[in-house]
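Residues per chain are reported as follows:
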Amino acid sequence: MQLIDGKALAQKIHSNVAKEVETLKQEKNVVPGLAVILVGDDPASHAYVKMKAKACEKVGFYSITHNMPETISQDEIIQIIEMMNSNPHIDGILVQLPLPKHIDTDKILEVIDPKKDVDGFHAYNVGRLVTNLDSFVPCTPLGVMKMFEEYNIDLEGKDVCVVGASNIVGKPMASLLLNANATVTVTHIYTKDLKAHTSRADIVVVGVGVPGLIKEDMVKEGAIVIDIGINRIEDGSLVGDVDFPNVSKKCSYITPVPGGVGPMTIAMLLSNTLKAAKARA
Ligand code: GUN
């Protein structure tokens with residue numbers, strides 16, 4: 001069994017981004033800028049946004065976080081986005097999800113200029129991803145694809161089971177895999193027999209937020225298992241969606257939690273923001 005080290009790969013990407021930022025500054029006088037909009041007091045969202053801002057600072061981006069109260073109206077959020085859309089120093093706009101219940105998330109995401117949509121959540125970018133055109137791709141599934149690339153894992157013709165069908169993870173993951181010529185099965189909470197699908201897959205990619213959902217008897221010998229889950233359990237520790245101690249024994253490759261997909265999400269946010277800044281330059 002080989003561990004897929006997301007932390008090491010993310011660090012490598014961070015330093016490449018930092019070098020490119022330096023070149024962009026010197027040659028084009030452009031500093032990549034990211035605007036983050038954070039609504040409410042969810043501790044996990046605050047922690048993620050803090051990590052994103054810190055990563056931006058480290059690679060030499062300009063970043064600004066709009067920290068807004070839970071009670072903010074939809075129109076007020078839209079006003080901030082429109083301001084960022086027309087701000088020439090901002091290349092990327094990220095609205096941290098989930099938003100409070102009184103806000104229509106789809107409406108909010110549609111307001112973001114698709115050229116600044118570094119999360120790849122705007123329908124314009126979703127459509128381009130599905131049709132295999134160049135687009136901004138959601139950071140977490142893009143990070144998983146980078147891991148496959150780094151470890152020379154060939155996807156063509158492979159049976160891949162994606163567990164979870166969210167707009168942020170499962171659906172874009174399935175599109176990317178399909179674009180890479182894998183045979184993709186997407187399972188979700190209404191799937192009748194999850195094990196029937198996971199146990200015949202060459203590769204299982206899971207991101208649902210259920211600790212230990214994927215058990216030893218649900219994967220085949222030699223499978224590759226990618227764990228996108230990040231769950232804080234009662235003892236305060238972080239675990240994924242995979243029963244790692246038992247599943248890892250059967251795998252050819254597996255991602256740990258923490259230190260697997262998590263760091264790659266932030267690395268891809270930097271990479272997407274750099275891409276947007278290069279387009280501006
Ligand atoms: N909430 C959970 N994951 C993400 C993400 O990748 N981007 C944003 N904006 N919100 C999230």
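Everything below is about the structure shown above.
Residues numbered from 1 in each chain as written. Predicted model: local features only at pLDDT ≥ 70, side-chain atom pairs only at ≥ 80, totals over all residues. Heavy atoms only, no water.

Q: How should I be thinking about the sheet that holds strand 3 (residues 62–68) in this particular structure?
A: Two orientations exist for strands paired in a sheet by backbone hydrogen bonds: parallel and antiparallel. The parallel open sheet is built from three strands, whose spatial order is 3-2-4. If you trace the sheet from one side to the other, it starts and ends with strand 3 and strand 4 (92–95), each paired once. On average, each strand axis in the sheet is tilted by 15 degrees relative to the strand beside it, whichever way the strands run. Examined bridge by bridge, strand 2 (residues 33–39) and strand 3 share seven bridges and lie parallel to one another. By the bridge assignment for strand 3, I37 is matched with H66. (Pairing = 2+ DSSP bridges. Helix = DSSP H or I, 4+ residues; strand = E, 2+ residues; numbered from the N terminus. Axes fitted to C-alpha atoms, helices over the stretch in contact; angles between N-to-C directions.)

Q: Explain the side chain of N272 here, please?
A: With respect to the helices and strands, N272 occurs in helix 10 (residues 261–280). Setting aside its immediate chain neighbours within four residues, N272 contacts V118, F136, V137, C139 and L142. (Contact = heavy atoms within 4.5 Å.)

Q: Would you mind showing me how to read the pairing of strand 2 here?
A: Regular strands show a simple pattern: their side chains alternate between the two faces of the sheet. Of all the seven residues making up strand 2, seven are buried; the element is thus mostly covered by neighbouring parts of the structure. Going residue by residue along strand 2, you find G33, A35, I37 and V39 tucked away on one face and L34, V36 and L38 tucked away on the opposite face as well. In this region the chain leaves strand 2, passes through helix 2 (residues 43–59) and returns to the parallel neighbour strand 3; the handedness of that crossover is right-handed. (Buried < 20%, exposed > 50% of the residue type's maximum accessible area, 1.4 Å probe, protein only. Right-handed = clockwise from strand over helix to strand, strands pointing away.)

Q: Explain the side chain of T191 to me, please; I cannot follow it from the model alone.
A: Relative to the assigned elements, T191 resides in the loop between strand 6 (183–187) and helix 8 (194–198). Classification of T191 by relative accessible area gives buried; the value is 19%. At a separation of 2.8 Å, a polar atom in the side chain of T191 contacts the main-chain amide nitrogen of H188. (Polar contact = N/O pair within 3.5 Å; in protein donor to acceptor, adjacent residues only side chain to side chain.)

Q: Would you explain the site of the ligand in this entry?
A: The immediate surroundings of the ligand are formed by K52, L94, V95, Q96, L97, D119 and F121. Q96 is positioned such that a nitrogen or oxygen atom in its side chain is 3.4 Å from a nitrogen atom of the ligand. One nitrogen or oxygen atom from the main chain of L97 is found 2.9 Å from a nitrogen atom belonging to the ligand. Relative to its unbound accessible area of 280 Å², the ligand is 82% covered by the protein chains. Split by residue class, the shell around the ligand holds four nonpolar, one polar and two charged. (Near = heavy atom within 4 Å. Areas by Shrake-Rupley, 256 points an atom, 1.4 Å probe, with all protein chains shown as cover. Nonpolar A, V, L, I, M, F, W, Y, C, P; charged D, E, K, R; others polar.)

Q: Looking at this structure, how should I read the pattern of salt bridges?
A: For side chains of opposite charge, pairing can occur when their charged atoms come near one another. The final tally for this structure, using the stated rule, is seven salt bridges. Note that E20 and K278 form a salt bridge whose closest N and O atoms lie 2.4 Å from each other. Of the two residues, E20 sits in helix 1 (residues 6–28) while K278 sits in helix 10, which places them 258 residues apart along the sequence. Given a relative accessible area of 34%, E20 falls into the partly exposed group. Residue classification places K278 among the partly exposed residues on the basis of a relative accessible area of 42%. Ionic pairing is found between D217 and K195, a salt bridge with its closest N-O pair at 3.4 Å. Highlighted residues: D217 in the loop between strand 7 (203–206) and strand 8 (224–227) and K195 in helix 8, separated in sequence by 22 residues. Overall, the relative accessible area of 47% leaves D217 in the partly exposed class. (Salt bridge = Lys/Arg side-chain N within 4 Å of Asp/Glu carboxyl O.)

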